[in-house]
Amino acid sequence: MFFTKRFFIALATIFVFFLLGYVFPVCFTAAWVLSCILFVLTDIDLVWGIKNRKAQGVTAHRICPGRFSNGDENEVCITVESHLSVPIHVDIIDELPDIFQRRDVLFPIDLKPRERRDVVYHLRPVRRGVYGFGRIRLFVTLPIGLITFRLTDGQLQDVKVYPSYLMLNRYELMAAHHNLTELGIKRIRRLGHHTEFEHIKEYVRGDDYRTINWKASARRHQIMVNTYQDERSQQVYSVIDKGRIMQSAFRGMTLLDYAINASLVLSYVAIRRDDKAGLATFSDRFETFLPASRRSGQMQHLLETLYRQATDFGESDYSALSIYLNKHVTKRSLLILYTNFDSLIGIDRQLGSLRTLARRHVVLVVFFENAGLTEFAARRPRTIEGYFNQTIAEKYICEKQHIASHLRRHGIHALLTVPERLSVDVINKYLEMKSRHLI
């Protein structure tokens, strides 16, 4: 129970009347009358509030999904219902998990008699794990408005934060409506012919005349063409480096979490294109291995496996990765390695292991631009020191590009991207490599 601002304003007004009573005696009488009125109204407000508090006159409960999507805006709804016959004002405070560190979860609303309303807000987690919600605190003020009563409702709730499945759902919906270009997915021009025959169909304007099937055309007395499709059942492995170099943060999320989200989406795309998706993770030792498959439950296995990934901040051991993958992945596969290199010296230390993998597989190394340096280098310097700092920033940016060129010279594909475009750029690169029959 708390006294409201209205109560203290009324109390201050009475005090002023008492002071004026030393000059104008009639003000003493007015002050005593106002004091009695304030006392009576406060008692009425108090009795009424206690009575309705015991009767659970206002209730609230939280509605949110059983799991959150990491890096995405997740909706949380609080339903508040008044069972009273008078209008009230309610301030709602939801006890969020400590990790969010938010102080803007106070939602003031006015409820009519026996009205029910929903309060919706969004949370963006940046770490995987279990998040614990507390209770819902309601601060109810009745029409008199002199006392606010605190009520506690809602249940304790634990929510698991999984890799970004919301992006997965968004991709699936847009794929169904053929709107993938809105996500940045490019339409790749096909080079040559696909290697697997699909079926024969009637010629329509725009079909490649080189695919005309003359025998079928002669039998049907109309032009018929062969149609082809991408080679199926190719193995695509997402290989995630969990070493300390992947703990750099971008907009609150680590590079590791960006890589995990991109791996989930790419695996879905690969399975949709009849390829097999698998997963491997490593740091100072080889850790997780999920064989490539496109069976019905593979995506759920990938989601659960990615959810449990954590780093031990160790030095990444590429030699152990090379030995294990060459031993257990016998079929030629596309290995998409999510890692980060900052210098040519760093890549030279791991180049031998990467070249060993590239002899048997198609290796795509995905690493990240330093978005902060890129923004800094784009600014116009105003001092000599600014020119000096900009030159150093451009040197580091160019070194990243040299790393990509260095990898390509040794037969290793490279993709340099920013974290926020990682998923889209990796999908486009995968589609490009499929269209060029590199896998």
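Just so you know, these numbers come straight off a predicted model, no measurement behind them.

A. Highlighting a nonpolar patch on the surface. Together, Phe15, Val16, Leu19, Leu20, Tyr22, Val23, Phe24 and Val26 give the surface a local cluster of nonpolar side chains, amounting to about 860 Å² of exposed area. Per element, the largest residue contribution to the nonpolar patch is four residues, and it comes from helix H1 (residues 5-20).

B. Looking closely at the packing of aromatic side chains. Counting across every chain of the model gives 17 aromatic pairs. Seen in terms of ring centroids, phenylalanine 286 and phenylalanine 289 are 6.4 Å apart; in terms of plane orientation they differ by 50°. Their pairing is tilted. With relative accessibility at 16%, the residue phenylalanine 286 sits in the buried group. Given a relative accessible area of 22%, phenylalanine 289 falls into the partly exposed group. Taking the centre distance of 3.9 Å and the plane angle of 20° together, the rings of phenylalanine 286 and tyrosine 324 count as stacked. One end of the pair, phenylalanine 286, is in strand S18 (residues 286-293); the other, tyrosine 324, is in helix H7 (residues 318-328), and 38 residues separate them in sequence. Given the relative accessible area of 26%, tyrosine 324 is considered partly exposed. Members of the aromatic cluster, each reached through a chain of ring pairs, are Phe18, Tyr22, Phe28 and Trp32. For the cation-ring pair, arginine 67 lies above tyrosine 162, with the distance from its terminal atom to the ring centre recorded as 5.4 Å.

C. The arrangement of the pairing of S18 in detail. Relative to S18, strand S17 (residues 276-282) runs antiparallel, the two sharing five bridges. By the bridge assignment for S18, phenylalanine 282 is matched with phenylalanine 286. Linkage of S17 to S18, two consecutive antiparallel strands, is achieved through a turn of three residues.

D. Here's a closer look at the environment of proline 97. Considering the arrangement of structural elements, one finds proline 97 in the loop between strand S5 (88-94) and strand S6 (106-111). Judged by its relative accessible area of 6%, proline 97 falls in the buried class. The spatial distance from the C-alpha of proline 97 to the C-alpha of glutamine 157 is 9.9 Å, given a sequence separation of 60 residues. The contacts of proline 97, once residues within four sequence positions are left out, are Tyr131, Gly132 and Phe133.

E. Spatial organisation of the confidence of the model for the protein chain. The share of residues in the protein chain with pLDDT of 70 or more is 90%, and the mean pLDDT across the chain is 83. Counting interchain partners and residues more than four positions distant, the pLDDT-below-50 stretch residues 188-194 has 20 contacts.

F. Here's a closer look at the sheet that holds strand S10 (residues 147-153). If you walk across this open sheet you meet the five strands as S1-S10-S9-S5-S6, and the pairing is antiparallel. For this open sheet the edge positions go to strand S1 (2-3) and S6, each flanked by a neighbour on one side alone. In terms of strand pairing, S5 meets strand S9 (residues 136-141) through six bridges, oriented antiparallel. Of the residues in S9, the one forming a bridge with aspartate 94 is isoleucine 136.

G. Highlighting the packing of helix H5 (residues 255-272) against helix H6 (residues 298-307). Between H5 and H6, the least distance of the axes is 11 Å, while the angle of their chain directions is 170°. Classified by the angle between their axes, H5 and H6 sit roughly antiparallel to one another. Contacts from Ile260, Leu264, Ser267, Tyr268 and Ile271 of H5 reach H6 at Gln298, Met299, Leu302, Leu303 and Leu306.

H. Focus on the nonpolar core. In terms of nonpolar packing, the biggest core is built from 43 residues, with Leu334, Ile336, Tyr338 and Tyr430 touching the most fellow members. If you list the elements that add at least two residues to this core, you get strand S14 (235-241), H5, S17, H6, strand S19 (333-338), strand S20 (362-368) and helix H11 (422-435). For this core, the element with the highest residue contribution is H5, accounting for 13 residues. With near-sequence residues (within four places) excluded, isoleucine 336 lies in contact with Val236, Tyr237, Ser238, Val239, Leu266, Leu364, Val366 and Val426. Counting residues in each nonpolar core, the second largest holds 30 residues, with Cys64, Val80, Phe107 and Tyr131 among its members.

I. Unusual backbone geometry, seen in detail. You will see that histidine 221, though not glycine, has its phi angle at about 60°, which is positive. Along the chain, histidine 221 turns up in the loop between helix H4 (214-220) and strand S13 (224-229). The phi dihedral of aspartate 274 is positive, around 65°, even though this residue is not glycine. Its place among the elements puts aspartate 274 in the loop between H5 and S17. By relative accessible area, aspartate 274 is classed as partly exposed at 23%.

The rules behind these values
Residues numbered from 1 in each chain as written. Predicted model: local features only at pLDDT ≥ 70, side-chain atom pairs only at ≥ 80, totals over all residues. Heavy atoms only, no water. Patch = residues over 30% accessible without salt bridge, like charges linked within 9 Å, V, L, I, M, F, W, Y side chains within 5 Å. Areas by Shrake-Rupley, 256 points an atom, 1.4 Å probe, with all protein chains shown as cover. Salt bridge = Lys/Arg side-chain N within 4 Å of Asp/Glu carboxyl O. Helix = DSSP H or I, 4+ residues; strand = E, 2+ residues; numbered from the N terminus. Phe/Tyr/Trp six-rings, centres within 6.5 Å; stacked < 30°, edge-to-face > 60°. Buried < 20%, exposed > 50% of the residue type's maximum accessible area, 1.4 Å probe, protein only. Lys NZ or Arg CZ within 6 Å of the ring centre and 35° of its normal. Pairing = 2+ DSSP bridges. Contact = heavy atoms within 4.5 Å. pLDDT = per-residue confidence, 0-100. Axes fitted to C-alpha atoms, helices over the stretch in contact; angles between N-to-C directions. Parallel < 35°, antiparallel > 145°, perpendicular 65-115°, else oblique. Core = buried A, V, L, I, M, F, W, Y, C linked by side-chain atoms within 4.5 Å.

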